[in-house]
Amino acid sequence: MTAFIERICRYDHLISSRLCDLRSNETLTGVMILASHAGDGPTWVLLGLIMLIFGDSPGRSAALVFVVSSLICIGVFKLVKSTTSRKRPFEEFADLPMDFRTPPPDRFSFPSGHSMNAFAVAVVYGYYFPFMLIPLLALAALIAASRVFFSLHYPSDVTAGAAVGILVASAVINVIG
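Residues numbered from 1 in each chain as written. Predicted model: local features only at pLDDT ≥ 70, side-chain atom pairs only at ≥ 80, totals over all residues. Heavy atoms only, no water.

Colleague: Give me the overall build of the chain: which residues, what numbers.
Modeller: Within the chain, the secondary structure is distributed over 8 helices and 0 strands. Starting at the N terminus and walking to the C terminus, you meet the elements of the chain as α-α-α-α-α-α-α-α. Rg of the C-alpha trace for the chain: 16 Å, near the compact-globule value of 16 Å for 177 residues, within the 12% margin. By principal-axis analysis of the C-alpha atoms, the chain measures approximately 50 × 40 × 25 Å. Scored against the burial criterion, the 177 residues of the chain give a buried share of 44%. Pairs at least 24 residues apart make up 79% of the contacts formed inside the chain by residues separated by at least 6 positions. For the chain, the accessible area works out to roughly 9100 Å², and carbon and sulfur atoms hold 71% of it. (Helix = DSSP H or I, 4+ residues; strand = E, 2+ residues; numbered from the N terminus. Rg over C-alpha atoms; globule rule 2.2 N^0.38 Å. Buried < 20%, exposed > 50% of the residue type's maximum accessible area, 1.4 Å probe, protein only. Contact = heavy atoms within 4.5 Å. Areas by Shrake-Rupley, 256 points an atom, 1.4 Å probe, with all protein chains shown as cover.)

Here it is, written out as structure tokens:
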């Protein structure tokens with residue numbers, strides 16, 4: 001392992017450990033549970049359906065662009081996860097236990113699909129509805145942080161997921177948006 005990768009891994013564990021220590025705050029933990037579940041697939045499907053059914057032309061366009069972005073993200077997500085097979089933090093470190101209120105949706109950690117889709121949503125809907133950009137980016141960041149908070153991902157997992165989501169959504173907007 002290169003020195004750079006080793007440094008990332010050290011920071012991943014340090015940041016993960018610090019966030020895990022905050023679980024003793026029940027209010028914060030409750031917010032993070034809600035954020036983590038907000039990043040689940042059904043939330044994005046519901047948002048897309050609402051835009052398709054009740055939205056005007058930009059709403060329907062945004063839903064279409066998000067569906068295409070999401071399908072590409074899922075493909076990237078599955079390919080990278082199966083290739084890297086990175087264990088989740090709670091499997092690697094005893095000081096990073098999993099919280100059973102937020103079980104992992106699959107086996108591996110890298111990259112974070114929740115972060116990928118949350119940031120793709122923020123970019124797509126923020127493009128079509130600029131007033132939504134900042135709140136959606138804040139929600140995406142909270143979803144990403146919640147995944148680290150519950151030891152489901154490392155910070156580098158959610159960072160990579162966010163980057164892929166932003167890049168894919170931006171590319172799809174440029175091609176069909």
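Moving on, there is more to tell.
Colleague: I'd like a rundown of the side chain of Ser115, residues and numbers included.
Modeller: Looking at where Ser115 falls in the secondary structure, it is placed in helix H6 (residues 113-128). On the basis of relative accessibility, which here comes to 0%, the residue Ser115 falls in the buried class. With near-sequence residues (within four places) excluded, Ser115 lies in contact with Ala144, Val158, Gly161 and Ala162.

Colleague: I'd like to hear about the layout of surface pockets, residue by residue, with values.
Modeller: Leftover empty space is mapped by rolling, across the atoms, a probe with the size of a water molecule. What the largest pocket holds in volume is close to 420 Å³. Together, 22 residues line the largest pocket, and Asp40, Gly41, Trp44, Ile74 and Asn117 are the ones closest to its centre. Those elements that place two or more of their residues in the lining of the largest pocket are helix H3 (41-54), helix H4 (57-84) and H6. Per element, the largest residue contribution to the lining of the largest pocket is 7 residues, and it comes from H4. Its residues assigned to classes, the lining of the largest pocket shows 10 nonpolar, 8 polar and 4 charged. (1 Å grid on protein atoms, 1.4 Å probe; cavity = no way out; pocket = protein on both sides within 12 Å on 5 of 7 lines; lining within 4 Å. Points joined across faces, edges and corners; volume = space filled by probe spheres on them. Nonpolar A, V, L, I, M, F, W, Y, C, P; charged D, E, K, R; others polar.)

Colleague: Just give me the short version of the side chain of His114, but keep the residues and values in it.
Modeller: One can find His114 in helix H6. The class of His114 is buried, set by a relative accessible area of 9%. Once residues lying within four places of it in the same chain are set aside, the contact partners of His114 are Ser36, Gly39, Asp40, Pro105, Ile143 and Arg147.

Colleague: How would you summarise the nonpolar core if you had to cite specific residues and measurements?
Modeller: In summary, soluble globular proteins display a tendency toward joint burial of nonpolar side chains. In terms of nonpolar packing, the biggest core is built from 31 residues, with Phe66, Val124, Tyr125 and Phe129 touching the most fellow members. Those elements giving two or more residues to this core turn out to be H3, H4, H6, helix H7 (133-149) and helix H8 (155-176). Looking at this core, the element that brings in the most residues is H6, giving 10 residues. Those residues in contact with Val124 that lie beyond four places of it in its chain are Ala62, Val65, Phe66, Ser69, Ala169 and Ile173. Formed by 6 residues, the second largest nonpolar core is a distinct cluster that contains Met32, Ile33, Phe149 and Phe150. (Core = buried A, V, L, I, M, F, W, Y, C linked by side-chain atoms within 4.5 Å.)

Colleague: Give a description of the packing of aromatic side chains that names residues and reports values.
Modeller: Overall, the coordinates contain 4 aromatic pairs when judged by the stated rule. Judged by centre distance (5.0 Å) and plane angle (85°), the ring pair of Phe149 and Phe150 falls under edge-to-face. Phe150 gets classed as buried once you look at its relative accessible area, which sits at 0%. (Phe/Tyr/Trp six-rings, centres within 6.5 Å; stacked < 30°, edge-to-face > 60°.)

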